Amino acid sequence: MIEQVRTLMEEKQLDGVLIQKRNNFSWLTGGRRNHIVLNTPEGVCQLLVLKDDIVLVVNQMEEKRIIEEEMAYFDHPFQVVTMGWFEDETPYIQTLIKDKRIGADIQMEGVEWIEPDLSRVRSILSTPQLSQYETLCHETAVIVEGVCKEIVPGQTEHEIASLVAQRAIGQGMTIEVLLVATDDRIHQYRHPIPTEKALQKHALVVLCAERHGLVANVTRSVYFGQLPKELEENKERLARIDTVMNAATRPGNTIGDVLKVGIAQYEKEGFPDSWKKLHQGGKTGFVSREIIAVPTSVEEIQLHQVFTWNPSLPGLKSEDTMVVEKEGNRFLTYTGKWTYMDIEHEGSIYRRPDILVRDEY
């Protein structure tokens, strides 16, 4: 990954790149972590990648653990610059970058913001990264599906969310997004954070989980009793929308092309404006969404990139994580242990998640 950064430096005629964001630190260090606080994108140390050197900038409070538990796995020589936790790190960084043209993943005075360029480079996963990602995606789906198979009416959304969180944290994951909605809240809100509302018949569970810097994204739904006619019809409409978007996610197409295909299918299914009520997803990887697709997105899809599309209709959302491979796309959050619908599209069959129907309590 360091070589990729140095290639980017050559392309942009930079003398160095300053990395502070958590996901970029994980990307460059093979999945290690530089954070303490979970609700900020920046970590507690920085890496300055130069043409012939790497510098770790860290305060003395964090130095020992970062070096012994994180940088111990870093297979490049590096220098260390430290300061007291009570000191401003800016003068130290300014000294390191003096008279140099520096790019950075955060916006700061005196450097060029290159996060979009870093996103483009890191989004093409290496074989080791893809191996880590496959495991993470499978485990994330197993967690969500397992909870959907176990919850019962009367449990609150908070209680359901706690079951998901406990299992995710127990497997070394950091939770990026955890949404739970039940019954009418699924229809009312497209991004429903958990509340004290108790489950009656219908639950939707969303988990975006990070490990090694990579983020897996998955949604599943469960219903107790007989599905209402509206859900019965709309789940098939949604599966068709989801299928055409995933099928269009191929090299040579742009991210905007995929969204346009999805919009056209929304119109065919009788919901021409539903796509406007929730973003439809896009490229994923080291961020839950590296790019959220809009119709004007011009970035071309590449092999070994990963995508999560999340079309929705009233009471429903479909969301899985897939990788673009030479022979076709592969769903990494497919477990084979859920209930599925087989959707035919252009001569191929796509297995898409169904609503899990359980006996009424």
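Analysis parameters
- Here the residue numbering is sequential within each chain, running from 1 through the sequence in written order.
- Thresholds applied to this predicted model are a pLDDT of at least 70 for local features of residues and 80 or more for the giving and counting of side-chain atom pairs; totals over whole chains, interfaces and linings are not thresholded and use all residues.
- Heavy atoms from the whole structure form the basis of all side-chain values; hydrogens and water molecules are not counted.
- Two strands are counted as paired when DSSP detects at least two bridges linking them.
- By definition, any uninterrupted DSSP run of H or I lasting at least four residues is a helix, any uninterrupted run of E lasting at least two residues is a strand, and each is numbered from the N terminus.
- Residue contacts follow a heavy-atom distance rule, with two residues in contact if any of their heavy atoms lie within 4.5 Å.
- Note on geometry: axes are C-alpha line fits, over the in-contact stretch for helices, and angles between N-to-C directions span 0 to 180 degrees.
- For Phe, Tyr and Trp, rings pair up if their centres lie within 6.5 Å, where Trp contributes its six-membered ring, and each pair is then called stacked (planes under 30 degrees apart), edge-to-face (over 60) or tilted (otherwise).
- Under the scheme applied here, a residue whose accessible area is under 20% of the maximum for its type counts as buried, over 50% as exposed, and between as partly exposed, the area being computed with a 1.4 Å probe on protein chains only.
- Here the term cavity refers to a set of points on a 1 Å grid, laid over the protein atoms alone, in which a 1.4 Å probe fits but cannot get out; the term pocket refers to an open set having protein on both sides within 12 Å along at least five of seven lines, with lining residues being those that place an atom within 4 Å of a point.
- Grid points are joined across faces, edges and corners, and a volume is the space filled by probe spheres set on the points.
- All amino acids are sorted into three groups, where Ala, Val, Leu, Ile, Met, Phe, Trp, Tyr, Cys and Pro are nonpolar, Asp, Glu, Lys and Arg are charged, and the leftover types, Gly among them, are polar.
- Expected helix span is computed as 1.5 Å times (number of residues minus one).
- The directions considered for the arc run from the helix axis to the C-beta atoms.

Trainee: An account of the sheet that holds strand β5 (residues 102-104) is needed here, citing residue identities and associated values.
Mentor: Spatial strand order, β4-β3-β2-β1-β5-β6: six strands in an open sheet with mixed pairing. A strand with exactly one partner marks an edge of an open sheet, and here the two such strands are β4 (79-83) and β6 (112-113). Contacts from helix α3 (residues 60-70) reach β2 (42-50), β3 (54-59) and β4 within the one sheet, and its direction differs from that of β3 by about 130°. Set on the sheet, helix α4 (residues 90-97) makes contact with β1 (16-21), β2, β3, β4 and β5; between it and β4 the angle comes to about 150°.

Trainee: Tell me about the packing of aromatic side chains, and please be specific about residues and values.
Mentor: The geometry of an aromatic ring pair is captured by two quantities: the separation of the ring centres and the angle between the planes. As enumerated under the stated definition, the model contains four aromatic pairs in all. Between Phe74 and Phe78 the ring centres are 6.1 Å apart and the planes differ by 65°, which places this aromatic pair in the edge-to-face class. Using a relative accessible area of 8% as the deciding quantity, one classes Phe74 as buried. In this structure Phe78 comes out as partly exposed when scored by relative accessible area, which is 26%. Each ring, one from Phe307 and one from Trp309, has its centre 6.0 Å from the other, and the planes form 15°; the classification is stacked.

Trainee: I'd like a rundown of the environment of Ile355, residues and numbers included.
Mentor: In this fold, Ile355 is placed in the loop between β18 (348-353) and β19 (356-358). Each C-alpha atom, one on Ile355 and one on Val306, is 24 Å from the other, the two residues being 49 residues apart in sequence.

Trainee: How would you summarise empty space enclosed by the protein if you had to cite specific residues and measurements?
Mentor: Taken as a whole, this structure holds two cavities of 30 Å³ or more when the rule is applied. Volume-wise, the largest cavity comes out at about 170 Å³. Residue lining of the largest cavity: 15 residues in total, with Leu238, Lys317, Ser318, Pro353 and Asp354 positioned closest to the centre. Contributing elements (two or more residues each) for the lining of the largest cavity: β9 (214-224), α9 (229-248), β14 (316-317) and β18. Of the residues belonging to the lining of the largest cavity, the class tally is six nonpolar, three polar and six charged. What the second largest cavity holds in volume is close to 80 Å³. Taken together, Ile186, Tyr189, Arg190, Pro192, Leu204, Val206, Leu278, Ser312, Leu313, Gly315, Leu316 and Lys317 make up the full set of residues lining the second largest cavity. Those elements giving two or more residues to the lining of the second largest cavity turn out to be β8 (202-211), β13 (312-313) and β14. For the lining of the second largest cavity, a count of residues per class yields eight nonpolar, two polar and two charged.

Trainee: An account of helix α7 (residues 157-170) is needed here, citing residue identities and associated values.
Mentor: Over its 14 residues, α7 runs 20 Å from end to end, which matches the ideal 20 Å to within 8%, given 1.5 Å per residue. Burial in α7 covers these residues: Glu157, Ile160, Ala161, Val164, Ala165 and Ala168. Seen from one end, α7 has its buried residues packed into an arc of 135°, which puts them on one side. Turned more than 90 degrees from where α7 packs its buried face, Gln166 and Gly170 sit exposed. Packing partners of the buried residues in α7 comprise α6 (127-150), β7 (174-182), α8 (184-188) and β8. Immediately beyond the C-terminal end of α7, within one or two residues, lies Gly172, with a positive phi of roughly 75°.

So far we have only geometry, and geometry alone does not tell us how the molecule works.
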